[in-house]
Amino acid sequence: MSERCALAVIGGGPAGLATATTAAELGVQVELFDEQSAPGGQIYRAIENADTEHQAILGQDYARGAALAQSFRASAAGYRSDSDVWAVTPERQIGVISFGSADIVDAQFIVIATGSMERALPFPGWTLPGVMTAGAGQVLLKQEGMVPDDTLIGGGVVLAGSGPLLLLVASQYLHAGVAIQALLDMTPRAGYLQALPHLPLALIADGYIGKGRALKAELRRADVPIISGVTNISANGDDRITSVEYDIGSQRQTLDTGLLMVHFGVVPNGHLAAALGVEEIWDRRQLCWRPSTDAWGGTNIDGVAIAGDCGGIAGARAAEYSGRLAAFQAACSLGLIDAEERDRLAAPVRQALKRDIRVRPFLEALFTPPASLMDNAVDDTVICRCEEVTAGRLREAVSLGCQGPNQVKAFTRAGMGPCQGRQCGAAVSHIVAAARGVEVELVGRFRVRPPVKPITLGALATLDVD
Amino acid sequence: MFKRLREGPTVTVTIDDVEAAVPEGASVAAAILLKNLGHCRTTPVSGEPRAPYCMMGVCFECLMEIDGEDNRQACLVTVEEGMKIRRQEGASGLKP
């Protein structure tokens, strides 16, 4: 039987929790769907179970999630944990599967808050066991209290890449007593110059620059070797990583390790929105696609809004603010408040949002990898992890006349595996664009179609359709 | 490759028919990493080993057979007492 709700929120991170809580406070009947078993999203993952000792390792910013989860639990919003949303239609029907059983939910208004994911930047050996993302390391720390075991990893964990999260993970590992062999800082030197003009604005944002400096100082005090100016990393090994190689200047260096954690910033996790047909634009500063939205997160699909990092990377606090804005609009559109009330409620939130995102131009200029990193992968580097398609085969397809990622997909199977192009999509677009000598926005991106999550025929068969 | 900061309650599962005590509340993918099992599947294309990569449901590297069902995202499934976990070797087949 199909169910109904006034507002469906998809995603239980800061944006989704803020949307659902705010809307419920305004009297909207809300259901929140999330694939995890507890609220918090990735950033505040397992926040409800974190005791003070654990919070001390993870830091103050993590602790902020506790209040968010608490007010969500206390609100009248309905909560469907462990629920995979595998489709959303323009008629605002939501296909959801939970514990093996499928449902279709009709919603009057939908807020998609599926957050962000780490940017996939292919390099030789990145598919080897023992290579994972820094975000994955953080998930293991938050959820399971797991950290790298020095006795099992020759030489200790190596962190590589660039971005605030990499520093944060390093600091959290320090607090947890993990020996870090090295932090390979791949922030392009040009980034510092490009970022400089944005520094004054960033300094008056809410304390972010100070935090970044404190993190770096902490790592230096602890004698974590931070190696700057690193390029061209590769992971070596047979059935698992045994060493990482990198260039520093013109010299090739090697570190023995059984665990390499990489991070190259985050990008919108926009797969569900893309499958629904939400219009996207290419963001040159963030080097990713993001949904085209209005001031309330509204999209080209009637009654569907985007909140949080899924709409463009702005961070966890900004996600809360944009979630509240989306909730005001939802409440207004559902007739619970008028436009005047909506605008009155929104004014202070917009102020806070504006203040908070002042740091973004600086971070984007500093940490966004240069486009060349995305498109000049050597020919034998695997780009599509699922179908094991190399950069060379993508270029070959272009030389045969493929104009865009979707043609390349048909020729090579790149993007056709279980992840549906979530990992390789951006790199494929970059490589095709570079091989053709045109801009990424011109070649476009993989078309995404539902189901966006694996769903069994057995689960589909539990659907009671009229 | 990993260790727990603090010991806590465990549940007993089987991984490829071998009994293993794994942390209560952990994801299956985390349990595989904690047991230092190397890989969780081999690829259908070349048979190379793969292990959990993103731990948040977007890379699909941790696909495993869990309680008889193939292609489960092991990072999104919480371990349960008696759960039967198998590494997925190559392409999954149709089950009788």
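Residues numbered from 1 in each chain as written. Chains lettered and ligands numbered in written order. Predicted model: local features only at pLDDT ≥ 70, side-chain atom pairs only at ≥ 80, totals over all residues.

### Section: the interface of chain A and chain B
For step 1, the next point in the chain: Taken residue by residue, the interface counts 39 residues in chain A and 36 residues in chain B.
For step 2, the next point in the chain: Every element with two or more residues in the side of chain A that touches chain B is listed here: strand E7 (116-118), strand E8 (131-133), helix H4 (134-144) and strand E9 (146-148) of chain A.
For step 3, the next point in the chain: At six residues, H4 of chain A tops the list of elements feeding residues into the side of chain A that touches chain B.
For step 4, the next point in the chain: Considered class by class, the residues forming the side of chain A that touches chain B number 17 nonpolar, twelve polar and ten charged.
For step 5, the next point in the chain: Pairing of E9 of chain A with strand E1 (residues 2-4) of chain B involves three bridges; the strand directions are antiparallel. Note that in E1 of chain B the partner of Pro148 of chain A across the bridge is Phe2 of chain B. (Contact = placed C-beta atoms within 7 Å. Helix = DSSP H or I, 4+ residues; strand = E, 2+ residues; numbered from the N terminus. Nonpolar A, V, L, I, M, F, W, Y, C, P; charged D, E, K, R; others polar. Pairing = 2+ DSSP bridges.)

### Notes on the sheet that holds strand E13 (residues 230-237) of chain A
Residues and elements named next belong to chain A.
For step 1, the next point in the chain: The three strands are arranged E13-E14-E15 in an open sheet whose pairing can be described as antiparallel. For this open sheet the edge positions go to E13 and strand E15 (251-256), each flanked by a neighbour on one side alone. Ignoring which end each strand starts from, the neighbouring axes of this sheet average 25° apart.
For step 2, the next point in the chain: Across six bridges, strand E14 (residues 241-248) lies against E15 in antiparallel orientation. Across the sheet, Val244 pairs through a bridge with Leu255, a residue of E15. (Axes fitted to C-alpha atoms, helices over the stretch in contact; angles between N-to-C directions.)

### Focus: the confidence of the model for chain B
For step 1, the next point in the chain: Overall, the predicted model of chain B reaches an average pLDDT of 94, with 96% of residues at or above 70.
For step 2, the next point in the chain: The ipTM, which scores confidence in the relative placement of chains, is 0.96 for this predicted complex, and the corresponding pTM is 0.96. (pLDDT = per-residue confidence, 0-100.)

### Thoughts on helix H8 (residues 208-221) of chain A
For step 1, the next point in the chain: Taking 1.5 Å per residue, 14 residues should reach 20 Å; H8 of chain A reaches 20 Å between its end C-alpha atoms and fits that length.
For step 2, the next point in the chain: Among the residues trailing H8 of chain A, Asp223 of chain A stands out with phi positive, at a value near 60°. (Expected span 1.5 Å × (residues − 1).)

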